[in-house]
Amino acid sequence: MKALDRKLLRDLWKMKGQAAAIALVIVSGVSAFIMLISTMTSLNLTRDKFYREYGFADVFASLKRAPDGLKHRIREIPGVRDVETRVVAGVKLDISGFEEPVTARLVSVPDKGSAHINRLYIRRGRTVDAFRDDEAVLSEAFAEAHGFVPGDRLGAVINGRWKTLTIVGIALSPEFVMQARPGAISPDYKRYAILWMGRDALGTAYGMKGAFNDAVVSLEDGADSGRVTAELDRLLDRYGGLQAYTRKDQISNRFLSEEFRQLQRSAEIFPTIFIAVAAFLLNVVINRTVSTQREQIAALKAFGYSNAAVGIHYIKLVFLIVLIGSAGGIAAGVYLGRGLGRIYMEFYRFPYLLYELKPSVAALAVFVTFAAALAGTLRSVQKAAGLPPAEAMRPEPPALYRKTLIDRLGLGRFLSQPGLMIIRNIERRPVNSLLSITGIALSYAIMLGGTFFTDAFDFMIDTEFKRSRKEDMTVVFTDPTSGRAVYELMGLNGIEYAEPFRSVPVRLKSGHKSYRTTIQGIAPGNRLYLPLDTDFKPIKLPPDGIVLTDYLGEILGVKAGDTLTVEALEGTRPVREVAVARLASQYIGVTGYMDLTALNRMMREGGAISGAYLTVDELHQKEIYRSLVEMSRVSGTVVRKDEIKNFYATQAEVLLFFTFIASLLAGTIAFGVVYNSARIALSERSRELASLRVLGYTRLEISYILLGELAVFTLAAIPLGFVIGRALCAYIARSLSSDLFRVPVVVAPATYSLAAAVVVVSAWFRA
Amino acid sequence: MTSKDVVFRVKDLTKVYEMGEVKVHALRGVDLYLYEGELVVMLGPSGSGKSTLLNILGGLDTASSGTVKYRGRALSKATEQELTEYRRFHVGFVFQFYNLIPSLTARENVAVVTEISKRPMKPEDALALVGLGERLDHFPAQLSGGEQQRVAIARAVSKNPEVLLCDEPTGALDFSTGIVVLEVLERINRELGTTTAVITHNADIAGMADRVVHLSNGLISGININTVKKPPSELRW
Ligand SMILES: Nc1ncnc2c1ncn2[C@@H]1O[C@H](COP(=O)(O)OP(=O)(O)O)[C@@H](O)[C@H]1O
Ligand SMILES: [Mg+2]
């Protein structure tokens, strides 16, 4: 080894504390990046493989009922490779020992041969026997949640008829990677299932012999999906088609894509902060190193080392630290990535997870870190390289102190001598001081950005499930029903109040923009379902006109007073121009609201309703569940409390994971910045401090000078971190918002304090 | 002596340091020849321009005006790269404060130089030459000032330089240690024939020189030729 490289290693060893602190910040940044990106690519890879091998459909369409013969017409649409027609229905399940309402989506599997589209991955057991009408394959997540194994039985109410089904297999499907009830924001494995049965059996049960109510289509490579869906809509229109859609809008796939977008965005935001902080710390440390090694640099040059050789020497030092940090970061990132992958597998039900870290991703992380480190230290390296040797022989001129602002304002007399030294020293190096403060502030911001989800979700749940909704449970009917059905519900023992609603699938259009959603018809004098305005006050629905979720208004580019076209996709499918009465604020999903009577009028139907919101007497709850299971026109029941409980149960682990990671990361930054500031201050001023000792200052008083500076930094960083953190939260929330849900920017005081505590503790732990 | 033996030819050399408003005239027009194999002592009070002159001779600094020729090549016109090369292959420096690299052992400090030279000695040989053959693996902090300066000399001569430039090599040393260092320099000049310039503000050291160049206030105030050179061991101050 060259002597100069040996010097490098020994120098590095001597500054190992600082180097380690910086390497730790790099580890944080690189590992966060690797973790997020590798999780994303792994899920992506897994998804692609699963989709490919199990023939995930390209186009999806639901309809009321069409004869099987239509299948051939669909197949003839240019661009269509294959089509599978199915019977799909919502059912109630009856699980012995589990008293809460459970609903399922029942999907037919073809009788002859195996399906080519949306094939099942049979985890255990087998697929259904075509000639049996009492066999079912069950989705894995649900089976796991209830401990079902092949051979077990469960009860199902199929088209109003109670039936015992034998579970013959446990399966996964590319169609239901994310298994959430339509409209729900998180999967509920205990209360929502996917059930597959033979086509013949379902056809018989639902009066669909020789007919279908759902079609999935695979496309030829390069086919124009827009034209296929348009053609499909045209074909299905007279059969009650609900507008065909592509993978992009398929709910399970939607959730996955959103997740990828979030991971990608996080991978851009967080590591960038770390790398910037690391670059700053490197700059400070290298700058200091170059200053203390002036005479050595002079000697090297005197003996004929070129400027470049000297520059490279220090670049190597930077590179070594970056290398150590990135290597640790990659290892930690892979470890965390696998952990995160496992957590995600709870939400996204793949048969397997192909963990992959692309070498190019790791290389990119190292490259970017090194480039940032180089950019950060360039000035110091140039200083070393360009140092005129004759000048470097002389000791560095003493630091220039000036009268500070405090002195000039005459405030100096209020400060003790050490206090003055603190202030002067901070003012003497305003840029470095500011950067240190910014560094600590960033750690505070990261802490906020990583933990505000908990508050945001609390707020979201509070708004959506407590302020906006007051019901105990929601029942949905199989078909639009006469308003008299409410009285039937009211007749059940224990039901205190029932508020009917109508829900109509529609396509909303404004200019070129169009969006498929539902219009919720709200009963006049509504007490249980209350759309909120932007001040979170209940909106009184206008006698006519439509109220839109604010985000839907954005999607369609309309505001109160504008008119839009409503195409109903149910009943006689009327098309109407409707005025937008106002916008409602809503965090989950997007919907249009109308007065129930107005909606019925628009649909040209009498008092039809789709379901009802109920309040019940808690004492009769179980009895009511039973009655609802037995009521044939009720297709499902959802209990509000269960929704809330489930949301937290499913999110808890992810939130905990991210809070943990964010605290860890924020801690390393605060630690790194403070530790380095302390070391530099100590090294720069060892002489000055030693003379103070000689002058009779105690050790305590001297620590006060050093620590005081850090305390000022830390305290100044908190308000700055507050501002940056709020902006970071807002940015994250904005970048995550979609029509599925919007994250409110809400940070509870407790979170601010927790974040501040983490920062202060990491800072003082070092100091 | 014939002109072939001239190593340095300095003509009308000036050096002005500009410090903001103030101009410091460190050299005001120096004319000087240095000859092959001689040992020159440059004598003058502090601030007289000795270091400035030596730095320019060694290619560490450039003149404001005038010419410096090293074996016919004009250093005053050399590029940064040529100066680096010149320092690398021709000059050995010894500084007042040694300028050793504290994180390297004696042997490694010498190796730093030999690794980039054309015909270097082995670091061990160079250290043996200054009487430190036994202390190869000591770090500077484990050596006395005189020993550190001898390591610095070993480092300077290890590349077999054509000129050895020493800026107050005994300035930071006590008397007896200083003598040891001077003896090493004298022996190297004698045995290896290396042209050697030694700066000092200590007139007593002048006795060991072939010639003594007196500097004062940026000018050469006189040059003495010693007919009899005293060995360093006989020097007193
Ligand atoms: N880099 C510099 N900047 C400004 N003035 C300098 C610099 N180097 C030397 N000087 C000044 O030039 C004069 C000569 O300095 P120097 O050559 O170091 O003298 P000596 O080595 O004889 O003590 C002194 O007045 C000194 O202050
Ligand atoms: Mg000098």
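The preceding data block contains the structure.
Not measured: the values here are computed from a predicted model.

The rules behind the values
Residues numbered from 1 in each chain as written. Chains lettered and ligands numbered in written order. Predicted model: local features only at pLDDT ≥ 70, side-chain atom pairs only at ≥ 80, totals over all residues. Heavy atoms only, no water. Pairing = 2+ DSSP bridges. Helix = DSSP H or I, 4+ residues; strand = E, 2+ residues; numbered from the N terminus. Contact = heavy atoms within 4.5 Å. Buried area = accessible area lost by both parts, 1.4 Å probe. Salt bridge = Lys/Arg side-chain N within 4 Å of Asp/Glu carboxyl O. Polar contact = N/O pair within 3.5 Å; in protein donor to acceptor, adjacent residues only side chain to side chain. Buried < 20%, exposed > 50% of the residue type's maximum accessible area, 1.4 Å probe, protein only.

Caption draft 1: Structural view of the sheet that holds strand 1 (residues 6-19) of chain B. All names here are of chain B. Ordered in space as 2-1-4-5, the four strands form an open sheet in which the pairing is antiparallel. Across the chains shown, the open sheet's two edge strands, defined by having one partner strand only, are strand 2 (22-35) and strand 5 (73-74). Bridge count between strand 1 and strand 4 (residues 65-70): five bridges; the pairing is antiparallel. What sits directly across from Val10, in strand 4, is Val68.

Caption draft 2: Molecular detail of the interface of chain A and chain B. Contact residues are listed per partner, giving 24 residues for chain A and 28 residues for chain B. Between chain A and chain B, roughly 2,100 Å² of surface is buried when both sides are summed, and carbon and sulfur atoms account for 60% of that area. Counting across the chain A and chain B interface gives two salt bridges. In this structure, Glu108 of chain B and Arg6 of chain A form a salt bridge, with 3.0 Å as the shortest nitrogen-oxygen distance. Taken together, the connections running from chain A to chain B amount to nine residue pairs in polar contact (both at pLDDT 80 or more). Elements with a minimum of two residues in the side of chain A that touches chain B: helix 1 (3-14), helix 8 (294-302) and helix 11 (389-392) of chain A. When residues of the side of chain A that touches chain B are assigned to their parent elements, the largest contribution, seven residues, is made by helix 8 of chain A.

Caption draft 3: Here's a closer look at helix 1 (residues 50-57) of chain B. All names here are of chain B. Burial analysis of helix 1 places seven of its eight residues in the buried class, the great majority of the element. Considered for burial, the residues of helix 1 that qualify are Lys50, Thr52, Leu53, Leu54, Asn55, Ile56 and Leu57. After helix 1 finishes, the residue Gly59 shows a positive phi value of roughly 75 degrees.

Caption draft 4: Examining the pairing of strand 2 (residues 80-86) of chain A more closely. All names here are of chain A. Of all seven residues that make up strand 2, six are buried, and the element is covered over most of its length. Relative to strand 10 (residues 211-219), strand 2 runs antiparallel, the two sharing six bridges. Bridge assignment links Arg86 to a residue of strand 10, and that residue is Asp214.

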